[in-house]
Amino acid sequence: MTSETQQPGRCRPPKEHGTSVESRIMRDLGYFGHFLHLHAGGRSGKQHMLERILNEGGTVGQRELQDTVPISSAAVSEVLAKLEDGGLITRTRSECDKRQLDVTLTADGWVEARVCAERRAKFETEALSVLTEDERVRLLDMLDRLIGHWHQIEESERVMQQ
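Computed from a prediction, not measured in an experiment: that's the story for all the values here.

Here the focus is the packing of aromatic side chains. Scanning all chains against the criterion turns up 3 aromatic pairs. Summarising the aromatic geometry, the rings of Phe-35 and Phe-123 are spaced 6.0 Å apart at their centres and angled 25 degrees between planes, so their arrangement reads as stacked. Taken together, the positions of Phe-35 in helix H1 (residues 21-40) and Phe-123 in helix H5 (residues 107-127) put the pair 88 residues apart, joining distant regions of the chain. A relative accessible area of 24% means that Phe-35 is categorised as partly exposed. Chaining the aromatic ring pairs together yields one cluster made of Tyr-31, Phe-32, Phe-35 and Phe-123.

Structure below.
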């Protein structure tokens, strides 16, 4: 296998020389997003939903679950249908509000959710193990500042579109 051949399931950022620091940062952020999607289950897939339900004690309202993920309600319903078909969750009418559905882990769902949570925790530890504690804290601070700035950019764009 040559260095140009990529193994299945692996991803790596393209090598770009002579580009600006800003371009390289943006490319690397894109790579991190891609890597996280492949290796950590993304932010809204089956693994994430199982962990979210687990963190809520095994039952959560479908509307509440929908409000915590960056995908449409139709996409949430599709993911939940797959989990239900796989025997990992059940959906029942809420006792408090019959218009709402409660999503509950089955026995198999509890097992799978715990496995997902353990896998994610292991990945998070391993993925950042190259950094010292101080470097991780500084990186988090910089990322928080970027998130705040990007929210300001979004808000400015939203105001300009009105």
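Still more ground to cover, so stick around.
Turning to the environment of Arg-52, a few remarks are in order. Within the secondary structure layout, Arg-52 lies in helix H2 (residues 46-55). Among the residues examined, Arg-52 registers a relative accessible area of 15% and is labelled buried. Residues Arg-52 and Thr-68, 16 residues apart in the sequence, show an inter-C-alpha distance of 8.8 Å. Those residues in contact with Arg-52 that sit more than four places away from it in its chain are Val-60, Glu-64, Leu-65 and Thr-68. Polar side-chain contacts of Arg-52 include one of 2.5 Å to the side chain of Glu-56. At 3.3 Å, the side chain of Arg-52 forms a polar contact with the side chain of Thr-68.

Definitions and limits used
- Residues numbered from 1 in each chain as written.
- Predicted model: local features only at pLDDT ≥ 70, side-chain atom pairs only at ≥ 80, totals over all residues.
- Heavy atoms only, no water.
- Phe/Tyr/Trp six-rings, centres within 6.5 Å; stacked < 30°, edge-to-face > 60°.
- Helix = DSSP H or I, 4+ residues; strand = E, 2+ residues; numbered from the N terminus.
- Buried < 20%, exposed > 50% of the residue type's maximum accessible area, 1.4 Å probe, protein only.
- Contact = heavy atoms within 4.5 Å.
- Polar contact = N/O pair within 3.5 Å; in protein donor to acceptor, adjacent residues only side chain to side chain.

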